[in-house]
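Listed here are the chains, written in short residue letters.
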Amino acid sequence: MFLPKRSLFKGSAKPHIPQTKVHYEYSISPNTYSFKVPSSKKTLNPIQMIYKNAVNFPFEKSINEVYQSYPTLSSAQQLNRKERPRGVIMSTSDFIEDSLYNKHYGYFSKEVEIYHPEKPFNYSQVNNVDEFVKIWSKSYEKSKSLWHTPTELFSPHYGESLARYILITYKLGIYPYEDLVIYEMGGGNGTLMCDILSYIKKHEPEIYENTQYNIIEISSQLAKKQENSYRKKLKGQGLSADKLSIFNKSIFDWETVVEEPCFFIALEVFDNFAHDVIKYDMNTGEPFEGKVLIDKQGDFYQFFTQELSQYSTAYLNLRENGNFSILDYSNSLRGKLDKFKFNKTLHPLLESSIRLKIKNQILPFNDYLSNPEYIPTRLVKFFNILKHKFPNHSLISSDFHYLPNTINGYNGPVVQTVINGETIDVRTYMVQQGYFDIMFATNFELASDLYRQITGKVSKTSTHKKFLEEWADVEATTTRNGENPMLDFYRNASFLTS
Ligand SMILES: C[S@@+](CC[C@H](N)C(=O)[O-])C[C@H]1O[C@@H](n2cnc3c(N)ncnc32)[C@H](O)[C@@H]1O
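Residues numbered from 1 in each chain as written. Predicted model: local features only at pLDDT ≥ 70, side-chain atom pairs only at ≥ 80, totals over all residues.

As recorded in an unreviewed UniProt entry, the protein goes by the name Protein arginine methyltransferase NDUFAF7, listed as coming from Candida oxycetoniae. Of the comments in the UniProt record for the protein, the one headed Catalytic activity (unreviewed entry) reads "L-arginyl-[protein] + 2 S-adenosyl-L-methionine = N(omega),N(omega)'-dimethyl-L-arginyl-[protein] + 2 S-adenosyl-L-homocysteine + 2 H(+)". Recorded in UniProt for the protein, the comment headed Function (unreviewed entry) runs: "Arginine methyltransferase involved in the assembly or stability of mitochondrial NADH:ubiquinone oxidoreductase complex (complex I)." (UniProt positions renumbered as here; feature names shortened; annotations may be inferred.)

Pairing is antiparallel across the open sheet formed by three strands, whose spatial order is S13-S12-S14. Every interior strand has two partners, whereas the edge strands, strand S13 (422–426) and strand S14 (437–439), have only one. Sheet twist, expressed as the mean angle between neighbouring strand axes with direction ignored, is 30°. Note that strand S12 (residues 414–419) and S14 share three bridges and pair antiparallel. (Pairing = 2+ DSSP bridges. Helix = DSSP H or I, 4+ residues; strand = E, 2+ residues; numbered from the N terminus. Axes fitted to C-alpha atoms, helices over the stretch in contact; angles between N-to-C directions.)

This part takes up the site of the ligand. Around the ligand, a shell composed of 22 residues is seen, among which Thr-149, Thr-151, Gly-186, Gly-188 and Ile-218 lie nearest. Taken together, the residues of the shell around the ligand break down into 11 nonpolar, eight polar and three charged. (Near = placed C-beta within 6 Å. Nonpolar A, V, L, I, M, F, W, Y, C, P; charged D, E, K, R; others polar.)

This paragraph deals with helix H17 (residues 464–471). All of the buried residues along H17 are His-464, Phe-467 and Leu-468. Along the axis of H17, the buried positions cluster into a sector of 95°, meaning they face one direction only. Buried residues belonging to H17 abut helix H7 (157–173), strand S11 (393–400), strand S15 (460–463), helix H18 (485–488) and strand S16 (493–497). (Buried ≥ 20, exposed ≤ 12 C-beta atoms within 10 Å, placed from the backbone. Arc of directions from axis to C-beta. Contact = placed C-beta atoms within 7 Å.)

Glancing now at the packing of H7 against helix H8 (residues 191–203). Where H7 meets H8, the closest approach of the two axes is 8 Å, and the angle between their N-to-C directions is 55°. Overall, the two elements H7 and H8 adopt an arrangement that is oblique. Along this stretch, H7 crosses H8, giving a crossing that reads as right-handed. Note on element contacts: H8 touches H7 through Thr-191, Leu-192, Asp-195, Ile-196, Tyr-199 and Ile-200, opposite Gly-159, Glu-160, Leu-162, Ala-163 and Leu-167. (Parallel < 35°, antiparallel > 145°, perpendicular 65-115°, else oblique. Left-handed = near helix turned anticlockwise from the far one by under 90°.)

This is the structure in structure tokens:
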């Protein structure tokens, strides 16, 4: 399998953890302890009492009193603040969003470099995939790139495959009644836009005359890059100046309703959509939502409460009402048999409650809560934005359906940074904000079901390879010995289209 994009991190994000005189109690690992609010008296077991007296336990008051004494803060309230938050409680998704997108210290507030090859690869001159990787690694080493994407690696062929898909779908359903309108969220270097527009201009000049391309980009630095790369191509390939509009904002702040039919492209953006975390009460099955408590010293603790956010509730309801209900499955024969398995990928509600009860006796401060499940609440929000702001869209999205080295928990993220050129994976998302990338894989079958329920539209999932076999110029990307890196790489990625 091909390495995920950031496992080849290089360059700019240099962690510098400030020194402090405060004593930290690292033994209270967020992976091990979950404080439940309200906490149940029963759970004060002997090991818990020994633990409390033997170590530097952080709280003098009861768990409930501690939780009630902190105010809550959202990532939107924190967005423009320069100092990392202290003495507050944040929802897990807001904590992750703040870590990634705060304007001053967020992971993406730094210079973002996406690998861009100096010139397209000439596959007919390359012997095989090994040689392709060698040539590419050499040019990647020279660049200061943070990550690489198929758009860039296989330019212009990857963009052209999307252009083919768009043109055929457009001609079948929309042409000649409406213009061809494309929205791309997270346009990176602007490569996809240039490859798509160049293809349309070359093969369908008439349609090109009535084409509009819009980019919605959160990073101001990348928005500038997109403008520049467009201007450069403008000169070289005669693209017209009035085709492009760039909106430098987050999709989550989009307000205008776009009534006309449009294609909405979202490539490699789902993985950084923040998630919330849920643990289930093993006695009742009731979901509890994780909140991050940041104390006055900036240390993190995970508290679980019955207060579910609007999107957590929506997600759990949609999942249970759709084709992937965990409760239905757990009542089936296969679900019951699953309880006997030791499987890391098992949903927490399918785990044996007896086994978890024993584990909870040994590990204090878990209060009969299950293993964590990370739920895609920003994806639910994104599909709602598509429904209400882009009611006549067709979606073209792609991202990873699998990531290795994830943290403990069902659907857990990869949390990583680069130190001295080495990629380091850590075991929790509750780390110094802005120094780590936090990435989630997407369950595309489930995403498709959520999308159907939210937008009322039918969608299709396919693997990266299958989509490209259908739409790309496979011959142009085949090496001399018949191998095809564009089809064979990114085996852990999928498409969702509608
Ligand atoms: C991994 S890059 C992918 C770039 C490009 N789509 C490609 O495949 O080469 C993610 C892109 O999404 C943008 N992005 C992330 N979150 C966003 C949001 N909420 N709204 C708009 N753009 C976002 C980033 O700034 C970046 O341009």
